[in-house]
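# Close look at the chain arrangement
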Amino acid sequence: LLSNLTPLFIAVLSVSVLHRRYSLAQCIGLLGVILAVILGVFPSFEEGASSTTNPVFACILGASCIFNAISFVVKELLFDRFTSW
């Protein structure tokens, strides 16, 4: 479920590196993904849950999605530079 944070990292990196702009509908969609991830992962942090999750490892797993996002943004950057070449 935490791997669904990859589009969020892609959006943040593409805005900062590629200077892309997103529409309001796309931003609302990203907020929906974030909300779904939080609502899906949050119950597993409770003590009485059938399988508890360590919050530190959950954060590490969520943050590890940034490497996939970096690869997508670098690929897009290279394609943009190739077409202008």
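Residues numbered from 1 in each chain as written. Predicted model: local features only at pLDDT ≥ 70, side-chain atom pairs only at ≥ 80, totals over all residues. Heavy atoms only, no water.

## Concerning the overall build of the chain
So the rule is basically this: Runs of E in the DSSP output that reach at least two residues are strands. Runs of H or I that reach at least four are helices, and both are numbered from the N terminus. Radius of gyration here uses only the C-alpha atoms, and the compact-globule reference equals 2.2 Å multiplied by the residue count raised to the power 0.38. Whether two residues touch is decided by their heavy atoms; if any such pair falls within 4.5 Å, the residues are in contact. Under the convention used here, a 1.4 Å probe and the Shrake-Rupley method define accessible areas, while residue burial counts only the protein chains that appear. As used throughout, the charge tally considers Lys and Arg to be positive and Asp and Glu to be negative, leaving His and the chain termini uncounted. Charge coordinates come from a single atom per side chain, which is NZ of Lys, CZ of Arg, CG of Asp or CD of Glu.
What the chain contains, in helices and strands, is four helices and zero strands. For the chain, the N- to C-terminal ordering of α and β elements is α-α-α-α. Taking 85 residues into account, the globule formula puts the C-alpha radius of gyration at 12 Å, and the chain, at 16 Å, lies well above it. A separation threshold of at least 6 residues defines the contact pool for the chain, and within that pool the share at least 24 residues apart is 70%. For the chain, the computed accessible surface area is about 6300 Å², with 71% contributed by carbon and sulfur atoms. If the 4 positive side-chain charges of the chain are averaged to one point and the 4 negative ones to another, these points end up 20 Å apart.

## What about the pattern of salt bridges?
The condition that has to hold: Any carboxyl oxygen of Asp or Glu that lies within 4 Å of a side-chain nitrogen of Lys or Arg is treated as forming a salt bridge with it. Relative accessibility decides the category of a residue: with a 1.4 Å probe and only protein chains considered, values under 20% of the type maximum give buried, values over 50% give exposed, and everything between is partly exposed.
As enumerated under the stated definition, the model contains two salt bridges in all. The salt bridge involving Arg20 is made with Asp80; its shortest N-O contact spans 2.7 Å. Taken as a pair, Arg20 in the loop between α1 (6-17) and α2 (24-41) and Asp80 in helix α4 (residues 65-84) lie far apart in primary sequence, 60 residues in all. With a relative accessible area of 33%, Arg20 lands in the partly exposed category.

## Remarks on the nonpolar core
To keep things clear, this is the line we draw: To form a nonpolar core, buried Ala, Val, Leu, Ile, Met, Phe, Trp, Tyr and Cys residues must be joined to one another through side-chain atoms within 4.5 Å.
Grouped together as the largest cluster of nonpolar side chains are five residues: Leu2, Leu5, Val37, Val41 and Ala58. Val37 has contacts with Leu1, Leu2, Asn4 and Leu5, leaving out every residue within four places of it along the chain.

## Looking at α4
Short version of the rule: The span one expects for a helix is its residue count, reduced by one, times 1.5 Å.
Over its 20 residues, α4 runs 29 Å from end to end, which matches the ideal 28 Å to within 8%, given 1.5 Å per residue. The inward-facing, buried residues of α4 abut α1 and α3 (55-63).

## Notes on the environment of Val73
Residue placement: Val73 occurs in helix α4. The spatial distance from the C-alpha of Val73 to the C-alpha of Thr6 is 11 Å, given a sequence separation of 67 residues. Not counting chain neighbours up to four residues away, the residues in contact with Val73 comprise Ile10, Leu13, Ser14, Val17 and Leu18.

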